[in-house]
Amino acid sequence: MTKILLMLALALGAAGLRWPAAVPQRRATSGRAAGARLERAVGPVAVAPVEAPSVGRSSESAVDAMRGAAEAPSPFKKLMAANRAEIAVRIMRAATELNVATVAIYGYEDRFSQHRWGADQSFQLEKKDPADAAVRAYLDIEQIVALAKREGVDAIHPGYGFLSESPEFAQACSDAGITFVGPTVANLKTFSDKTTARVAAIAADVPVVPGTDEPVTTEAGARAFVEEYGLPVIIKAAMGGGGKGMRLVRDMEELGASFASASTEAEAAFGDGSVFLERYIESPRHIEVQIIGDGKGGAVHLCERDCSVQRRYQKVVEIAPAWSLDPALRNKLHEDSLRLMRSAKYLNAGTVEFLVDGEGRHYFIEVNPRIQVEHTVTEE
């Protein structure tokens, strides 16, 4: 893990953002340093613009031109990792190298977790109902923002999962005068909901799989779609990703139970049980393109990853760049991804995901408007 978020910091610099001059670092042990260097994007995503090279050049040139900027620290003084486990550890490790104080949050069930002990400060979140699942505490926007404000936090990194794609969380941070380290509220409103993301893709002339243009909230709505488009279909969580809230339906008799279980799983994972339906593409390749945007209509890609090897819709093996991909198709995937993200004036790191059928036709399926677990594959 040595490159991708370093490239993010560089590409954002090329887009017209700046970093302050380097200062002595508070502490950074050799065990943390390698991984932390790649995660410098923890902070400098919302700083005043200055004159800088345009991102109209190639991804490689933009990265090379701003390589020196990545050696500067974050402008933030105290950062909260609004997450747990591996991603929270990565965030705080990066912040430490950048001379930024760190704050961890944890639920009672996670009181012995590593991410709590790696922070300068850590605070337990209280569940509104003791009977709630452990994850519910990490979805409490009001409590998290109030805690951050009380402790003088000036930036919150959401990691992935939980509130990372929540426009309400990003807006609450902004209202409290805290920087949300990620896409803009408008970006999240467009891409965190897979149905509005489809609408944006269609508007940008990016091909999509036939599906519902709005969340489906009733079994009757799901049946209406199946009657129009036929089987098989796949039910997906409208909010969030990671394979949660997905069910394949090949028989109409399975629709009711699959719809209910997908909605329940989505509600438990993301706090929103909305789902939508798409026609199911048999045995596709799953290709995703890594994008970095400057928030002003500029964007670069850092090539693609092949994540076709999956189990229960969870990615098992990823390869970057995608192997045995027709060069013309590769270019189309890159071009469509950039056109979509530039039209949305996307800020920060994101991933545009496609399915490719047996005839080489590609279809947009979603944007992940956040950091991903698989960023480390591109880093290598």
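Residues numbered from 1 in each chain as written. Predicted model: local features only at pLDDT ≥ 70, side-chain atom pairs only at ≥ 80, totals over all residues. Heavy atoms only, no water.

Participant: For the overall build of the protein chain, give the residues involved together with the corresponding values.
Facilitator: When helices and strands are counted, the protein chain shows 13 helices and 13 strands. In the protein chain, which comprises 380 residues, the share counted as buried stands at 54%. Within the protein chain, residue pairs in contact and separated by at least 24 positions form 67% of the contacts whose partners lie at least 6 positions apart. Within the structure as shown, the protein chain displays about 15,900 Å² of accessible surface, and the carbon and sulfur contribution to it stands at 53%. (Helix = DSSP H or I, 4+ residues; strand = E, 2+ residues; numbered from the N terminus. Buried < 20%, exposed > 50% of the residue type's maximum accessible area, 1.4 Å probe, protein only. Contact = heavy atoms within 4.5 Å. Areas by Shrake-Rupley, 256 points an atom, 1.4 Å probe, with all protein chains shown as cover.)

Participant: Can you tell me about the pattern of salt bridges, naming the residues and giving the values?
Facilitator: Enumeration over the complete set of coordinates arrives at 22 salt bridges. Measuring nitrogen to oxygen at the nearest pair gives 3.0 Å for the salt bridge that ties Glu265 to Arg247. Of this pair, Glu265 sits in helix α11 (residues 255–270) while Arg247 sits in strand β7 (residues 247–249), and the two are 18 residues apart along the sequence. Taking the relative accessible area as the measure of exposure, Arg247 reaches 23% and is therefore partly exposed. Salt bridges linked by common partners bring Glu288, Arg305, Lys315, Glu318, Glu353 and Glu374 together as one network. (Salt bridge = Lys/Arg side-chain N within 4 Å of Asp/Glu carboxyl O.)

Participant: I'd like to hear about the sheet that holds strand β10 (residues 299–311), residue by residue, with values.
Facilitator: The sheet built from five strands is open, its strands ordered β11-β10-β9-β12-β13 with antiparallel pairing. Lying at the two open borders of the sheet, with one neighbouring strand each, are β11 (314–319) and β13 (362–368). Each adjacent strand pair in this sheet contributes to an overall mean axis angle of 35°, direction not counted. Across six bridges, the pairing between strand β12 (residues 347–356) and β13 is antiparallel. Its bridge partner being in β13, Thr351 is matched across the sheet by Asn368. Most of the contacts of helix α12 (residues 327–343) go to β10, to which it runs at about 115°, and overall it touches β9 (285–294), β10, β12 and β13. (Pairing = 2+ DSSP bridges. Axes fitted to C-alpha atoms, helices over the stretch in contact; angles between N-to-C directions.)

Participant: Explain the sheet that holds strand β8 (residues 275–279) residue by residue, including any values.
Facilitator: Strand pairing in a sheet takes place through backbone hydrogen bonds and is either antiparallel or parallel in direction. Read across the open sheet, the three strands follow the order β7-β6-β8; overall the sheet is antiparallel. Each edge of the sheet is formed by a strand with only one pairing partner; in this case those strands are β7 and β8. Going across the sheet, the axis of each strand differs from the next one's by a mean of 25°, ignoring polarity. In this sheet, β8 lies alongside strand β6 (residues 233–237) in antiparallel orientation, the contact comprising five bridges. Directly across from Ile235, in β8, lies its bridge partner Leu277. Contacts from helix α10 (residues 219–229) reach β6 and β8 within the one sheet, and its direction differs from that of β8 by about 10°.

Participant: Tell me about unusual backbone geometry, and please be specific about residues and values.
Facilitator: For the peptide bond that leads from Leu231 to Pro232, omega is 0°, which places it in the cis range. Here Pro232 is to be found in the loop between α10 and β6. Going from Ala320 to Pro321, the amide bond is cis rather than trans, its omega being -10°. Tracing the sequence through the fold places Pro321 in the loop between β11 and α12. Positive phi values are uncommon outside glycine, yet Ala85 reaches one of about 60°.

Participant: Could you give an account of α10, with specific residues and numbers?
Facilitator: Buried within α10 are the following residues: Ala222, Phe225 and Val226. With its buried residues spanning 100° around the axis, α10 presents them on a single face. Opposite the packed face of α10, turned more than 90 degrees from it, sit the exposed residues Ala220, Glu227 and Glu228. Looking at the buried residues of α10, the elements they touch are β6, α11 and β8. Phi turns positive one or two residues past the end of α10, at Gly230, with a value near 85°. (Arc of directions from axis to C-beta.)

Participant: Summarise the nonpolar core; cite the residues concerned and give the values.
Facilitator: Ranked by size, the top nonpolar core spans 26 residues in total, and within it Met80, Ile105, Leu125, Ile144, Ile156, Phe169 and Cys173 carry the most contacts. Breaking this core down by element, the ones donating at least two residues are β2 (101–106), α6 (141–150), α7 (167–175) and α8 (185–191). Looking at which element gives the most residues to this core, the answer is α6, with four residues. Apart from the residues lying within four places of it in its own chain, the contact partners of Cys173 are Val145, Ile156, Ile178 and Phe180. In this structure, Val206, Leu333, Leu340 and Phe354 belong to the second largest nonpolar core, which totals 24 residues. (Core = buried A, V, L, I, M, F, W, Y, C linked by side-chain atoms within 4.5 Å.)

Participant: So, the environment of Asn348: which residues are in play, and what are the values?
Facilitator: Here Asn348 shows up in strand β12. We classify Asn348 as buried; its relative accessible area is 7%. For the pair Asn348 and Ala299, spaced 49 residues apart in sequence, the C-alpha separation works out to 9.2 Å.

Participant: Outline the pairing of β9, supporting the account with residue identities and numerical values.
Facilitator: Counting buried positions along β9 gives nine out of ten residues, so the element sits mostly inside the fold. Pairing analysis gives ten bridges linking β9 to β12, with the strands arranged antiparallel. Its bridge partner lying in β12, Ile287 is registered against Phe354. Between β9 and β10, which pair antiparallel one after the other, the connecting turn spans four residues, and Gly295 there sits at a positive phi close to 80°.

Participant: How would you explain the packing of aromatic side chains if you had to name every residue and give the values?
Facilitator: Summed over the entire model, instances satisfying the criterion amount to five aromatic pairs. Between Phe354 and Phe364, the aromatic rings sit 6.4 Å apart at their centres with planes inclined by 80°, giving edge-to-face as the arrangement. Highlighted residues: Phe354 in strand β12 and Phe364 in strand β13, separated in sequence by ten residues. Owing to a relative accessible area of 0%, Phe354 belongs among the buried residues under this scheme. According to the relative accessible area criterion, Phe364 is buried, its value standing at 0%. (Phe/Tyr/Trp six-rings, centres within 6.5 Å; stacked < 30°, edge-to-face > 60°.)

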